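Now for the letters of each chain:
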Amino acid sequence: MKHKRHARGWPLVRSALLLSVAAAPWAAVVHAAPSSSAPVIESGAGASSDTEAAGDDEARVQRRLQFNDALDALASGNQARFDALRVALADYPLASYLDYEQLQRQWREVVPGGTEIDQLNDFEQRTGDSSLTRRLTRVLQKRFADTEQWKTFLALGKSRLASTMNCETLKALRETGQLDGFDERIIELWVQPRTHREPCKSILRDIEARHTPPVPAIWERIYQSMESNKPEYAEAMLQYLGSRDRNLVRGWIDAAESPQSFLLSGKLDRDTQLNRRIIADLLLDWSRKDTRAAIGQWLRIRERFGFSADRHYDTSRALAMRAAYRRMPEAHQWLQTFTARADDLELQEWRIRTALLAEDWQAVINSIAQLPLEEQEEDHWAYWQARALEQTGRESDARTIYSELAGLQSYHGFLAADRLQLDYSIRDEPIVPDADLLRQLADESALVRAREFHHVGLTSESRREWNNWVRGRSESELAAAAVLGSRWGLHDRAIYAAGLSNHRRAISLRFPLLYRSEVARASMDNAIDPAWIFGVMRRESAYIRDVRSSAGAIGLMQLMPRTARYVAGLQGKKNWRGDLTESGTNIEFGTFYLRHVMDRFNDHQVLATASYNAGPSRVGQWLQEGSMDADIWIDTIPFTETRRYVRAVLAYAAIYEHQLNGRPQRLSSKLLPVPAASGV
């Protein structure tokens, strides 16, 4: 049975130096916190510790200190000190980064010209570092824009390493007399239903004041506003429309709060392109408030209008999928009667999920059979095929599938093992790379820079170097790099490389037991299974201590600042202003919040895990009128991220239990029936 990897990249962030101590047995007394501000990382069985014993001799440590001293001298304006240290660090792997820092600081203080371009070219030729050269190029581009040297700005923009800088480029074209009216570049920006930043905003406003937009562009902006559900961006287009179209578009804009009123008013009865677009858009708006009514109206009118095949399909699909996301009972029937396009995998999968919610097991079997063959072989659909076969009396066929799945080290593999009462297929298969390859990679300049960036505290640079290197590498190279990363203390990069190399059973490397002291303390304080904490932490951050998500979540257990303040308030810490990148604080607060949502859902670990990712209010909305099996509830969670998250955390917790105790609890013991909405 095929098992697809879902590799995950991690944001690039800066962190402090990481130290290591010898791992103690799990049952040992929790260690007292060390006096150093650096986090303590304890290695699990088979994991390499991040210490000087791993090759960090005194000379290397000294050069790292000199490197940080050089950065401090540069920041404080002590040029003489910087120059002396730069000479001393001439052969240090990160010497070019010091030059990069010096150049970008210098360029921000001067009016750039030919000298700075020469310095950029010299840097690229001397270092061969395309990543740093690209960043320097963009610094110089911005400086030429800031100083309004538009011809030079446009010339530099032709470099393969230059940034697009659309708005600055538009201004440069205008200032050099190369922009007039609504050309393709202007139209592309003008039709977008969003607020542009300066100088794009003023340029677009100026061009519109002097030129009438092309008619196709006017309608494109209106239609894009409809697609984006941003009617306010179509308001300015009314002045260009004839009275009939203007009244219709005005009606659409005003119908935002009550779409059904305009839909049912009779003003859209003519079969025109504009009316069809408005009807489709307002039906989707209506479905947000009353999905059943909107679908009923669509079923009544869809054949009266000449909708294109694509518009007909997209509208029907959007309405049916909204019903499915909301777990409406009618969604099962609607999706079963809907003819899905061959390439519409999401709809085909939701047809299976709505059948699961309805416990229509024959429909589950039939719907899985309609998936592409490679999708049918994925372990989650194979599991549900077996479950459906079991429910329809074909136990022998079900057992055959369960037996094959039980050999996988995965969530659905563990569930299949539970169905047959077999041991979980968890075993550590350490990566044993070729010794010559390992030595070769240990001298690879990019990886050496990644190591050094990590040890001087510039972990965002470390990850950037590492990620640039792994692209296009062979499986053996990735596997060896994973071992090397673990030895060097770059645990998150080791996890990443091992996953890319498909060594799924390199457990000690992919699931290291880090921060054991902090986890033990938080586990005891909150009566939370330590393996569950490890599972959450591994899924949330892959042990990147100061990672920050695009949504603003911070640290090992990815806490939102507002959640941290809420937790602090529950703990009686008023006006808390602590540091969520500090490992002890993050694990303490994250575990406390796990306990909080466990209490909210009556010790139901599945609901608590989902709540940690999606929030308890949303999880409460996903509960049904009656109770249901937990495996069905998990695999029909509307949010793809939360669905995968819950499965991953439960599987990871089982693996960590195996590491800590030698034998995991069965997932079936944690997958209690999900109660009805009235039961929580």
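The numbering scheme is per chain: residues are counted from 1 as the chain's sequence reads. Residue-level local features of this predicted model are given only where pLDDT is at least 70; pairs of side-chain atoms are given and counted only at 80 or more, and the full residue set underlies all totals for whole chains, interfaces and linings. Based on all heavy atoms of the structure, the side-chain values leave hydrogens and waters out of the count.

Asks: Help me understand the overall build of the chain, please; the structure alone is not making it clear to me.
Replies: Helix and strand counts for the chain stand at 37 helices and 2 strands. Based on the C-alpha atoms only, the size of the chain along its principal axes is roughly 80 × 75 × 55 Å. For this count, His and the chain ends are skipped, Lys and Arg are scored as positive, and Asp and Glu as negative. The atom standing in for a charge is NZ when the residue is Lys, CZ when it is Arg, CG when it is Asp and CD when it is Glu. Taken as two groups, the 89 positive and 90 negative side-chain charges of the chain have centres that lie 3 Å from each other. By the criteria applied, helices consist of DSSP H or I runs no shorter than four residues and strands consist of E runs no shorter than two, each listed in order from the N terminus.

Asks: I keep staring at the state of the cysteines and nothing clicks. Help me out?
Replies: Cysteine pairs can be covalently joined through their sulfur atoms, and such a bond is termed a disulfide. Throughout, disulfides are identified as pairs of cysteine sulfur atoms within 2.5 Å of each other. According to the stated counting rule, one finds 1 disulfide in the structure shown. Shown here is the disulfide that connects Cys167 with Cys200, its sulfur atoms set 1.9 Å apart. Linking Cys167 and Cys200, the disulfide has an S-S dihedral of approximately -115° and is accordingly described as left-handed. Of this pair, Cys167 sits in helix 7 (residues 166–175) while Cys200 sits in helix 9 (residues 200–210); the two residues are 33 residues apart in sequence, bridging distant segments of the chain. Across the pair, exposure class does not vary: Cys167 and Cys200 are buried alike. Remark: exposure states derive from per-residue accessible area (1.4 Å probe, protein chains only) relative to the maximum for the residue type, with buried under 20%, exposed over 50%, and partly exposed in between.

Asks: It is not clear to me how the pattern of salt bridges should be interpreted in this structure. Could you clarify?
Replies: It is possible for side chains of opposite charge to pair when their charged atoms get near one another. Here a salt bridge means any side-chain nitrogen of Lys or Arg lying within 4 Å of a carboxyl oxygen belonging to Asp or Glu. A complete count under the given rule lists 48 salt bridges for this structure. The shortest N-O distance in the salt bridge between Asp122 and Arg126 comes to 3.4 Å. Taken together, the residues Asp122 and Arg126, both in helix 4 (residues 114–127) and 4 residues apart, mark about one turn of the helix. Classification of Asp122 by relative accessible area gives partly exposed; the value is 40%.

Asks: Would you mind going over the packing of helix 21 (residues 395–405) against helix 22 (residues 411–420) with me for this structure?
Replies: When two helices pack together, their arrangement is given by the angle between their axes and by how far apart the axes lie. The axes used here are C-alpha line fits, helices contributing only the stretch in contact, and every angle between their N-to-C directions lies in the interval 0 to 180 degrees. Following both chains from N to C, one finds helix 21 and helix 22 inclined at 130°, their axes separated by 8 Å at the closest point. Considered as vectors, helix 21 and helix 22 are oriented oblique to each other. Helix-helix and strand crossings are classified by hand; for helix 21 and helix 22 the assignment is left-handed. Here Arg399, Tyr402, Ser403 and Leu405 of helix 21 come into contact with helix 22, specifically with Gly413, Ala416, Arg419 and Leu420. Taken together, the residues that form the contact of helix 21 with helix 22 break down as 4 nonpolar, 2 polar and 2 charged. The labels follow the angle: roughly parallel below 35 degrees, roughly antiparallel above 145, roughly perpendicular from 65 to 115, and oblique for the rest. Note: crossing handedness is left-handed where the near helix turns anticlockwise from the far helix by less than a right angle, and right-handed where it turns clockwise. Whether two residues are in contact is decided by their heavy atoms, any of which lying within 4.5 Å being enough. Under the scheme applied, nonpolar residues are Ala, Val, Leu, Ile, Met, Phe, Trp, Tyr, Cys and Pro; charged residues are Asp, Glu, Lys and Arg; polar residues are all the others, including Gly.

Asks: Explain the packing of aromatic side chains to me, please; I cannot follow it from the model alone.
Replies: Two numbers describe a pair of aromatic rings. These are the distance of the centres and the angle of the planes. Between the rings of Phe, Tyr and Trp (Trp by its six-membered ring), a pair exists once the centres lie within 6.5 Å; its type follows the angle of the planes, with under 30 degrees stacked, over 60 edge-to-face, and the other angles tilted. This structure, assessed with the given rule, holds 22 aromatic pairs. Between Phe182 and Trp190, the ring centres sit 5.3 Å apart and the planes meet at 80°, which makes this aromatic pair edge-to-face. Pairing Trp622 with Phe639 gives two aromatic rings, centres 5.2 Å apart and planes at 75°, and the pair type is edge-to-face. Taken together, the positions of Trp622 in the loop between helix 34 (616–621) and helix 35 (630–635) and Phe639 in the loop between helix 35 and helix 36 (640–661) put the pair 17 residues apart, joining distant regions of the chain. Residue class for Phe639 comes out partly exposed when judged on its relative accessible area of 37%. Members of the aromatic cluster, connected to one another through ring pairs, are Phe67, Tyr92, Tyr97, Tyr100 and Phe453. In this scheme, Lys NZ or Arg CZ marks a charge over a ring once it lies within 6 Å of the ring centre and within 35 degrees of the ring normal. Over the ring of Tyr223 we find Arg277; its NZ or CZ atom is 4.0 Å from the centre of that ring. Taking NZ or CZ as reference, Arg353 lies 5.0 Å from the ring centre of Trp350, over its face.

Asks: What exactly am I supposed to notice about unusual backbone geometry here?
Replies: Negative phi values dominate among residues other than glycine, just as trans dominates among peptide bonds. In this structure, Pro199 follows Glu198 across a cis peptide bond, with omega equal to 0°. Mapped onto the elements, Pro199 comes out in the loop between helix 8 (184–190) and helix 9. One non-glycine residue, Ala542, adopts positive backbone phi at about 50°.

Asks: Help me out: how do you make sense of the packing of helix 2 (residues 79–88) against helix 3 (residues 95–107) in this one?
Replies: At a closest axis distance of 11 Å, the pairing of helix 2 and helix 3 adopts a crossing angle of 155°. Our classification of the angle between helix 2 and helix 3 gives roughly antiparallel. When the axes of helix 2 and helix 3 are compared, the crossing they make is left-handed. Note on element contacts: helix 3 touches helix 2 through Ala95, Leu98, Asp99 and Gln102, opposite Gln79, Phe82, Asp83 and Arg86. Of the residues assigned to the contact of helix 2 with helix 3, the class counts are 3 nonpolar, 2 polar and 3 charged.

Asks: How should I be thinking about helix 1 (residues 58–76) in this particular structure?
Replies: Three or four residues apart is the spacing at which side chains of an α-helix point the same way, because the helix has 3.6 residues per turn. Helix span is expected to be 1.5 Å times the residue number reduced by one. Between the first and last C-alpha of helix 1 there are 27 Å, a value that for 19 residues agrees with the 27 Å anticipated at 1.5 Å per step. For helix 1, the complete set of buried residues consists of Val61, Arg64, Gln66, Phe67, Ala70, Leu71, Ala73 and Leu74. Against the buried residues of helix 1 lie helix 2, helix 3 and helix 24 (445–455). Residue Gly77 follows helix 1 closely and has a positive phi angle near 80°.

Asks: Before we go on, may I ask you to explain the nonpolar core in this structure?
Replies: Proteins that are soluble and globular tend to have nonpolar side chains buried together. Counting residues in hydrophobic clusters, the biggest one holds 92 residues, and the most contacted among them are Ile587, Trp633, Leu667 and Leu671. Top contributing element to this core by residue count: helix 36, with 11 residues. Counting residues in each nonpolar core, the second largest holds 87 residues, with Ala70, Tyr97, Ile279 and Trp298 among its members. Residues belong to a common nonpolar core when they are buried Ala, Val, Leu, Ile, Met, Phe, Trp, Tyr or Cys residues joined through side-chain atoms within 4.5 Å.

Asks: Would you take a moment to explain the environment of Gln66 for this structure?
Replies: Tracing the chain through its elements places Gln66 in helix 1. Separated by 556 residues in the primary sequence, Gln66 and Trp622 have C-alpha atoms spaced 56 Å apart.

Asks: Is there a simple way to explain the environment of Asp631 in this structure?
Replies: Tracing the sequence through the fold places Asp631 in helix 35. Residue Asp631 is classed as buried on the basis of its relative accessible area of 7%. Residues Asp631 and Ser668, spaced 37 residues apart in sequence, show a C-alpha to C-alpha distance of 9.0 Å. Not counting residues up to four positions away in its chain, the partners in contact with Asp631 are Tyr383, Trp384, Arg387, Tyr411, Leu415 and Leu671.

Asks: Help me understand the side chain of Arg221 in this model?
Replies: Looking at where Arg221 falls in the secondary structure, it is placed in helix 10 (residues 215–227). Buried charged residue Arg221 carries no salt bridge. Nearest counter-charge: Glu208, at 4.7 Å. In protein, a polar contact means a hydrogen-donor-capable atom and an acceptor-capable atom, both N or O and within 3.5 Å, with residues adjacent in sequence counting only if both atoms are side-chain atoms; elsewhere, any N or O pair within 3.5 Å suffices. Engagement of the side chain of Arg221 in a polar contact is seen with the backbone oxygen of Trp190, the distance being 3.3 Å. Arg221 has contacts with Trp190, Val191, Tyr233 and Met237, leaving out every residue within four places of it along the chain.

Asks: Looking at this structure, I do not really get helix 11 (residues 243–254). What am I missing?
Replies: For helix 11, spanning 12 residues, the distance from its first C-alpha to its last is 16 Å, which sits close to the expected 16 Å at 1.5 Å a residue. Taken residue by residue, helix 11 has Leu248, Val249, Gly251, Trp252 and Ile253 as its buried positions. At its buried positions, helix 11 is contacted by helix 10, helix 12 (259–263) and helix 13 (273–289).

Asks: What's the story with the environment of Arg138 in this structure? I'm lost.
Replies: Examined against the element boundaries, Arg138 turns out to sit in helix 5 (residues 130–146). Relative accessible area serves as the criterion here: at 37%, Arg138 is assigned to the partly exposed category. Residues Arg138 and Ser583 lie 445 residues apart in sequence; the distance between their C-alpha atoms is 35 Å. With residues near it in sequence (within four places) discarded, Arg138 still touches Leu161, Ala162 and Ser163.

Asks: I would appreciate a short explanation of the confidence of the model for the chain in the present structure.
Replies: Do not read the predicted coordinates in detail wherever pLDDT is low. Here pLDDT means the predictor's own confidence in every residue, given as a number from 0 to 100. Here the chain averages 90 in pLDDT, while 92% of its residues score no lower than 70. Note on residues 2–55: pLDDT is under 50 here. Beyond four places in sequence and across chains, it has 141 contacts.

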